[in-house]
There are 2 protein chains.
Amino acid sequence: MLGPLHHVGYVVADLDRALAQLERSLGLSQVLREVMEEQGVEAVLCGGEGGQVELIAPLDSESAIARFMETRGEGFHHVAFTVPDLEAALHDLRARGAELIDPRPPRGLGGHLVAFVHPRSALGVLTELVEAGPAGHR
Amino acid sequence: MLGPLHHVGYVVADLDRALAQLERSLGLSQVLREVMEEQGVEAVLCGGEGGQVELIAPLDSESAIARFMETRGEGFHHVAFTVPDLEAALHDLRARGAELIDPRPPRGLGGHLVAFVHPRSALGVLTELVEAGPAGHR
């Protein structure tokens, strides 16, 4: 059901500083940058080819991401898989008894339809589904 | 320099139980299973198409993975990116001042040449490079 990996998400306090570190040490560069008010974050997609890492910084101290960072610190936050049809994937996940976080799919970075599976259903890892073409095109 | 994501690695106490959860909730199935004595682990590659998730369980309580799990619990362990030429990638990383964990590339799951970048050089995330074709073929 799940297609190729789409991206991994890291939570960071300072987007510019984090991007500078990944540029310097791994050669990643910015592909896309967006404020997503609804989620209370600003995000940068960066990578060598198309963007494989999403950096997420909280817009304020009240957002879910800010609370995550307070508890767990900076670093890995979620993994995202490509699915060709998000509605079909959600239907299948519900049938499997997987716990979904959003009642309705929000828009993710780059305008993709996305949905999140609760870590309880995925070995403790927050798991995002991104509706995108088979090669993960943006 | 880094190509597409190759897999994400989760550390688990019990491979069979973990695989059963991912099969039930996300529809992932086993692609490959190997004991890697040198690293002190047994690993399962699972996924929907080719395998995107590597489950890793310690073979004994002395391995690095066992110590990781004691401190951090089960869940996300590392992310792996595809590179077309591992030696060239390591040369580039050294030139960038990135901190590498292995002096010489070991063999990873499926017999790939792999190398690990220290979390200090990658925003706190253990980062693996896997020499594989451009589409991440195994």
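Definitions and limits used
- Residues numbered from 1 in each chain as written.
- Chains lettered and ligands numbered in written order.
- Predicted model: local features only at pLDDT ≥ 70, side-chain atom pairs only at ≥ 80, totals over all residues.
- Heavy atoms only, no water.
- Least-squares fit on C-alpha atoms with pLDDT ≥ 70 in both.
- Contact = heavy atoms within 4.5 Å.
- Pairing = 2+ DSSP bridges.
- Helix = DSSP H or I, 4+ residues; strand = E, 2+ residues; numbered from the N terminus.
- Axes fitted to C-alpha atoms, helices over the stretch in contact; angles between N-to-C directions.
- Buried < 20%, exposed > 50% of the residue type's maximum accessible area, 1.4 Å probe, protein only.
- Arc of directions from axis to C-beta.
- Polar contact = N/O pair within 3.5 Å; in protein donor to acceptor, adjacent residues only side chain to side chain.
- Buried area = accessible area lost by both parts, 1.4 Å probe.
- Salt bridge = Lys/Arg side-chain N within 4 Å of Asp/Glu carboxyl O.

(A) Highlighting the relation of the copies chain A and chain B. Superposing chain A onto chain B takes a rotation of 180° plus a shift of 0.0 Å along the axis, which leaves an RMSD of 0.0 Å. The transformation just described matches what one would write down for a two-fold rotation axis. No C-alpha of chain A approaches the rotation axis more nearly than that of Leu-5 of chain A, which lies at 3.2 Å. When the interface residues of chain A are mapped onto chain B, 97% of them again fall at the interface, so both copies present the same face.

(B) Local environment of the sheet that holds strand E3 (residues 41-47) of chain A. Residues and elements named next belong to chain A. Read across the sheet, seven strands follow the order E2-E3-E4-E1-E5-E7-E6 without closing on themselves; strand pairing throughout is mixed. Each having just a single partner strand, strand E2 (29-36) and strand E6 (114-117) make up the two edges of the open sheet. Each neighbouring strand pair of the sheet contributes to a mean axis angle of 25°, computed without reference to strand direction. Bridging between E6 and strand E7 (residues 127-131) involves four bridges; their strand directions are antiparallel. Each bridged residue has a counterpart across the sheet, and for Phe-116 the counterpart in E7 is Glu-128. Each of strand E5 (75-83), E6 and E7 is contacted by helix H3 (residues 86-96), which is oriented at about 145° to E7, the strand it contacts most.

(C) Inspection of H3 of chain A at higher detail. Regarding H3 of chain A, the residues found buried are Leu-86, Ala-89, Leu-90 and Leu-93 of chain A. Viewed end-on, H3 of chain A has its buried residues packed into an arc of 100°, placing them on one side of the element. Across H3 of chain A from its buried face, at more than 90 degrees, point the exposed residues His-91 and Ala-95 of chain A. Elements in contact with the buried residues of H3 of chain A: E5, E6 and E7 of chain A together with helix H1 (15-26) of chain B. Where H3 of chain A begins, one side-chain oxygen reaches toward the backbone nitrogen of Glu-87 of chain A, 3.1 Å away; that side chain belongs to Asp-85 of chain A. Following H3 of chain A by one or two positions, Gly-97 of chain A adopts a phi angle in the positive range, close to 85°.

(D) Summary view of the interface of chain A and chain B. On the chain B side, the residues contacting the 38 residues of chain A number 37 residues. On the chain A side of the interface with chain B, the three residues burying the most area are Leu-5, Leu-26 and Leu-123 of chain A, jointly 24% of the side's total. Taken together, the connections running from chain A to chain B amount to zero salt bridges. Run the count over chain A and chain B and you get 14 residue pairs in polar contact (both at pLDDT 80 or more).

(E) Inspection of the sheet that holds strand E6 (residues 114-117) of chain B at higher detail. Residue and element names in this part refer to chain B. What the seven strands build is an open sheet, ordered E2-E3-E4-E1-E5-E7-E6; its pairing is mixed. The outermost strands of the open sheet, each flanked by one partner alone, are strand E2 (29-36) and E6. Taken over all neighbouring pairs, the strand axes of this sheet differ in orientation by 25° on average, direction set aside. Relative to strand E4 (residues 53-58), strand E3 (residues 41-47) runs antiparallel, the two sharing six bridges. Each residue of the ladder has a partner; that of Leu-45, found in E4, is Glu-54. Relative to the sheet, helix H3 (residues 86-96) contacts strand E5 (75-83), E6 and strand E7 (127-131), its axis offset from that of E7 by approximately 145°.

(F) Layout of the pairing of E3 of chain B. All names here are of chain B. By the criterion of burial, E3 is predominantly enclosed, with six of the seven residues buried. Pairing between E2 and E3: seven bridges, direction antiparallel. Looking at E3, one finds that Leu-32 is bridged to Leu-45. Hairpin connection of E2 to E3: four residues between the antiparallel strands, including Gly-40 at a positive phi of 70°.

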